[in-house]
Amino acid sequence: MSPAGKSSIRLLIGGVLASIGLGLLLGALAGTLAGWAAAAIVLLLLVLWQTRQLLTLADWLQAPDAPGPPVLPSAWQRMLLQRSDDRRRTAATLRKVEAHLRSFTEAMNAVPDGLLILDAGQCIQWGNRAAEAHLDIDLARDTGESVERLVRNPGFGNYLREPDPQSPFILQTATARTRLYALRVVPLSELSKLLISIDVTDVRRLEAMRSEFVANVSHELRTPLTVVSGFLEHFANGNAMTSEQQQHFSRLMSDQTARMLSLVDDLLTLSRLEAEDAPASEETVNMADLLQQLQSEAQSLSEQAHRLEMRCDGPALRGNRKELHSAFGNLVSNAIRYTPAGGTIRINWRVSDGLGIFAVHDSGVGIAAEHLPRLTERFYRVDRGRSRDTGGTGLGLAIVKHILLRHQATLVIESQIGQGSTFRAEFPAWRLQAPD
Ligand SMILES: Nc1ncnc2c1ncn2[C@@H]1O[C@H](COP(=O)(O)OP(=O)(O)O)[C@@H](O)[C@H]1O
Ligand SMILES: [Mg+2]
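Residues numbered from 1 in each chain as written. Chains lettered and ligands numbered in written order. Predicted model: local features only at pLDDT ≥ 70, side-chain atom pairs only at ≥ 80, totals over all residues.

Q: Where do I start with the packing of helix α10 (residues 287–302) against helix α11 (residues 321–337) in this structure?
A: Helix packing geometry: the angle between the two helix axes and the distance between the axes. The contact between α10 and α11 brings their axes to 10 Å, and the two run at 35°. Considering how the two elements wind past one another, α10 and α11 form a crossing that is right-handed. Residues L290, L294, E297, A298, L301 and S302 of α10 lie in contact with α11, whose contacting residues are L324, H325, F328, G329, V332, S333 and I336. Class assignment of the residues belonging to the contact of α10 with α11 gives a composition of 8 nonpolar, 4 polar and 1 charged. (Axes fitted to C-alpha atoms, helices over the stretch in contact; angles between N-to-C directions. Helix = DSSP H or I, 4+ residues; strand = E, 2+ residues; numbered from the N terminus. Left-handed = near helix turned anticlockwise from the far one by under 90°. Contact = placed C-beta atoms within 7 Å. Nonpolar A, V, L, I, M, F, W, Y, C, P; charged D, E, K, R; others polar.)

Q: Which parts of the structure should I look at to understand the sheet that holds strand β5 (residues 192–199)?
A: Strand pairing in a sheet relies on backbone hydrogen bonds. The paired strands run either parallel or antiparallel. Spatially, 5 strands are ordered β2-β1-β5-β4-β3 in an open sheet, and the strand pairing comes out antiparallel. In the strand order of this sheet, the two ends are held by β2 (124–127) and β3 (169–171), each with one partner. This sheet shows a mean twist of 30° between the axes of neighbouring strands, independent of strand direction. (Pairing = 2+ DSSP bridges.)

Q: In this structure, what is going on with unusual backbone geometry? I would like to understand it.
A: Most peptide bonds are trans, and most residues other than glycine sit at a negative phi. Here D353, not a glycine, exhibits a phi torsion of approximately 50°, which is positive. Considering the arrangement of structural elements, one finds D353 in the loop between β9 (344–352) and β10 (355–362). Phi is positive for Q408, close to 55°, though the residue is something other than glycine. For Q408, the location among the structural elements is in the loop between α13 (396–406) and β11 (410–416).

Q: Is there a simple way to think about the nonpolar core in this case?
A: Side chains that are nonpolar tend, in soluble globular proteins, to be buried together. One finds A327, F328, L331 and V332 to be the most contacted residues of the largest nonpolar core, which totals 31 residues. Among the secondary structure elements, those contributing two or more residues to this core are α10, α11, β9, β10, α13 and β12 (420–427). Counting residues per element, this core draws most heavily on α11, which supplies 7 residues. Discounting chain neighbours no more than four positions away, the residues touching F328 are L290, L294 and F358. (Core = buried A, V, L, I, M, F, W, Y, C linked by C-beta atoms within 7 Å. Buried ≥ 20, exposed ≤ 12 C-beta atoms within 10 Å, placed from the backbone.)

Q: Explain the site of ligand 1 to me, please; I cannot follow it from the model alone.
A: Neighbouring ligand 1 are 22 residues; R381, V382, S387, G392 and G396 lie closest to it. In the shell around ligand 1, the residues fall into 10 nonpolar, 9 polar and 3 charged. (Near = placed C-beta within 6 Å.)

Q: When you look at α11 in this model, what are you seeing that I'm missing?
A: Because each turn of an α-helix spans 3.6 residues, side chains separated by three or four positions end up pointing in the same direction. With 17 residues, α11 extends 24 Å from end C-alpha to end C-alpha; this agrees with the ideal 24 Å at 1.5 Å per step. Those residues of α11 that sit buried are E323, L324, A327, F328, N330, L331, V332, S333, N334, A335 and I336. (Expected span 1.5 Å × (residues − 1).)

Q: Just checking my understanding: could you explain the domain arrangement of the protein for this structure?
A: Frequently, the measure chosen for interface size is the accessible area that the parts lose on association. According to the domain assignment, the protein contains domain 1 (3–104), domain 2 (111–199), domain 3 (203–274) and domain 4 (278–431). Computed over C-alpha atoms only, the centres of domain 2 and domain 3 are separated by 49 Å. (Domains from an automatic or database assignment.)

Q: How should the sheet that holds β9 be read in this particular structure?
A: One open sheet accounts for 5 strands, arranged β7-β9-β10-β12-β11; its pairing is mixed. Sheet topology places β7 (307–312) and β11 at the edges, where each strand pairs with a single neighbour. Between one strand axis and the next, the sheet turns through 15° on average, direction left out of account. Most of the contacts of α11 go to β10, to which it runs at about 25°, and overall it touches β9, β10 and β12.

See the structure below:
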């Protein structure tokens, strides 16, 4: 028995003995009846007093938020203090458990993958925030509900019941049609399992891009190869040909071979650019020289068909000369190829608002606004026929974008159908060499 219990029993026995003593004393002095009456009254008072303490104690125990224990006589008080200690300890343990639970929930909510615990009947027991977003559910509302009923997707229910450990279930929800999630089930016990969802949209998009790229390259190579192999077959069959025809066929074949070569060259350039983030080396590029070189290349490409203007008002530029030459050369060759004879092409290098600006302006066919955001995609062409006829590979602007990115520069395109286009490469100030 606790010390408080013993002490309250001692108090009780003391009280009873005192009332018997008083009864006997009064009995001897004033007669037996008076003795009994006095003892009974004292005992009654004792019982009433104890009952009052008991009621106070019961009241306090029933009020869980009561601040401190009430003040009672010593034995009761000790008992109360002990209860009060227990209560404080329980509250502290509860607070600790709550804090642990809160930090666990915060950690789980920070996990980018969806986690959902299901019972044997596929009902949701617990989940994190990512699971809510991925499966389009609301845990506050849907906990206890069957996930199979909430996520309506053909085959999902079967997968939950018989998951394939080798391959995940790919889910596309109704609200987020553009996103894809890979779902896996991990058994936890006989009665519960964990459903994990991972956002695989970007991975899938990359895979699609890769296979689209392979398809594009194959298609680009197939056309010239078909032409060349057709001619070769014609020759192999020993078909008679005039020398004029022979010349014509040879020219066509060499055109097709040149096309394949430039495609392979561009593909190699792109893959080299993608292999590393930064140019192998950088130097101070004399822009006046580079522009001079671009102009003479432009002249030979244009064959006097265009008016060419060139201005170099800016300082030297820090970068990789070969890459910059390739990027600027692509912009200039596009300007010539997409500008009918008689048009004007202006190439200039200047500083504006602290930025180094290389601009190629043409008075050519122009580009409709809806194409502008996609121009730098590989093999994206506005006019496939025109691009091919002028020896384009569809990779030029993709190469330009890569090179500029490696030089922390941005490509700005402005164009109007029938009016012409301006392609601007804007370089950050730190790449410009301060004039001496
Ligand atoms: N200066 C320009 N004027 C009009 N259209 C252009 C110009 N430069 C690029 N384009 C359009 O952008 C497309 C992509 O350019 P690019 O990647 O260099 O490939 P291409 O090999 O076809 O020139 C071209 O097919 C063309 O439709
Ligand atoms: Mg091009």
